[in-house]
Amino acid sequence: MTTTKSVAELLHRLLYRALIEIREQGRESGNKTVFHLADLFHTTALELGRAAEGTTSYAAVLRGLEEKASEKDVERWLRTALAEIEGAHPAAP
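About the thresholds
Think of each chain on its own: its residues are numbered from 1, step by step along the sequence as written. In view of the model being predicted, local features appear only for residues whose pLDDT reaches at least 70, and side-chain atom pairs are presented and counted only at 80 or more, with totals across whole chains, interfaces and linings using the full set of residues. Neither water nor hydrogens contribute to the side-chain values; these are computed over all heavy atoms in the structure. The helix count covers DSSP runs of H or I at least four residues long, the strand count covers runs of E at least two residues long, and both are numbered beginning at the N terminus. Using a 1.4 Å probe on the protein chains alone, a residue whose accessible area is under 20% of its type maximum counts as buried, one over 50% counts as exposed, and one in between counts as partly exposed. Throughout, a residue-residue contact means that at least one pair of heavy atoms, one from each residue, lies within 4.5 Å. Helix span, expected: 1.5 Å multiplied by one less than the number of residues in the helix. The bend at a residue is defined as the angle formed between two axes, one fitted to the seven residues ending at that residue and one fitted to the seven starting there. For the purposes of these results, a polar contact is taken to be a pair of N or O atoms within 3.5 Å, where, inside protein, one atom must be able to donate a hydrogen and its partner to accept one; residues adjacent in sequence count only when each atom of the pair is a side-chain atom. In this charge count, Lys and Arg are treated as positive and Asp and Glu as negative; neither His nor the chain ends contribute. For this analysis, a salt bridge means a side-chain nitrogen from Lys or Arg found within 4 Å of a carboxyl oxygen belonging to Asp or Glu. Throughout this description, the term nonpolar core refers to a set of buried Ala, Val, Leu, Ile, Met, Phe, Trp, Tyr and Cys residues connected via side-chain atoms within 4.5 Å. Here an axis means a line fitted to C-alpha atoms, over the contact stretch when the element is a helix, while the angle between two N-to-C directions is reported on a 0 to 180 degree scale. Any angle from 65 to 115 degrees is called roughly perpendicular, while one under 35 is roughly parallel, one over 145 is roughly antiparallel, and all others are oblique.

Asker: I'm lost on the overall build of the chain in this one. Help?
Answerer: Helix and strand counts for the chain stand at four helices and zero strands. What you see in the chain, going N to C, is helices and strands ordered as α-α-α-α. In terms of overall dimensions, the chain has C-alpha extents of about 45 × 40 × 25 Å along its principal axes. Looking at the chain as a whole, 20% of its 93 residues are labelled buried. Partitioning the contacts of the chain with sequence separation of at least 6, the portion at a separation of at least 24 is 45%.

Asker: What is the right way to look at helix H2 (residues 32–53) in this model?
Answerer: Three or four residues apart is the spacing at which side chains of an α-helix point the same way, because the helix has 3.6 residues per turn. Here H2 is 22 residues long and its end C-alpha atoms lie 33 Å apart, about the 32 Å a rise of 1.5 Å per residue gives. Along H2, the largest kink reaches about 30 degrees and is centred on Ala45. Buried residues along H2 sit against helix H1 (7–29) and helix H3 (58–71). One side-chain oxygen at the N-terminal end of H2 lies 3.3 Å from the backbone nitrogen of Thr33; it belongs to Asn31. Note on H2: the residue one or two positions beyond its end, Gly54, has a positive phi of about 90 degrees.

Asker: Explain the side chain of Lys68 to me, please; I cannot follow it from the model alone.
Answerer: Position of Lys68 relative to the elements: it lies in helix H3. No salt bridge forms around the buried Lys68; measuring N to O, its nearest opposite-charge neighbour Asp39 is 5.3 Å away.

Asker: Teacher, can you tell me more about the pattern of salt bridges here?
Answerer: Under the criterion given, the structure shown has five salt bridges. We note a salt bridge from Glu24 to Arg27, for which the minimum N-O separation is 2.4 Å. Separated by three residues within a single helix, Glu24 and Arg27 lie in helix H1, roughly one turn from each other. Overall, the relative accessible area of 29% leaves Glu24 in the partly exposed class. Residue Arg27 is classed as partly exposed on the basis of its relative accessible area of 49%.

Asker: Got a minute to help me understand the nonpolar core in this structure?
Answerer: Soluble globular proteins tend to pack their nonpolar side chains together in the buried interior. Core analysis: the largest hydrophobic core is formed by five residues, namely Leu40, Leu65, Ala69, Val74 and Leu78. Not counting residues within four places of it along the chain, the set of residues in contact with Leu40 comprises Leu65, Lys68, Ala69, Lys72 and Val74.

Asker: Which parts of the structure should I look at to understand the packing of H3 against helix H4 (residues 75–88)?
Answerer: Pairs of packed helices are described in terms of their axes, by the angle between the two and the distance that separates them. Taken N-terminus to C-terminus, the directions of H3 and H4 make an angle of 140 degrees; their axes are 7 Å apart at the nearest point. Of the possible angle classes, the one that applies to H3 and H4 is oblique. Residues Leu62, Leu65, Glu66, Ala69 and Ser70 of H3 form the contact with H4, whose participating residues are Glu75, Leu78 and Leu82.

Without other data, these values stay purely geometric and don't point to any function.
Structure representation (structure tokens):
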């Protein structure tokens, strides 16, 4: 495959498109959990690309995700997921 986009950009855009498709499937099937999680994360894929390029920070991406989770009323899910991840992988001293 020949492309002018970087592999990282291609991967971020593929993830974005996949989450758009998953969100649509959630909407069509009436699966609110699938819809809301895909809706929460689809733009995060592109924001991660900007963080990888250095135009924003990963901390800013996480803050934006937290704000969006609050707006979409999935804040509890995000807090629980973060707590589980942090519990499973404690930060290095």
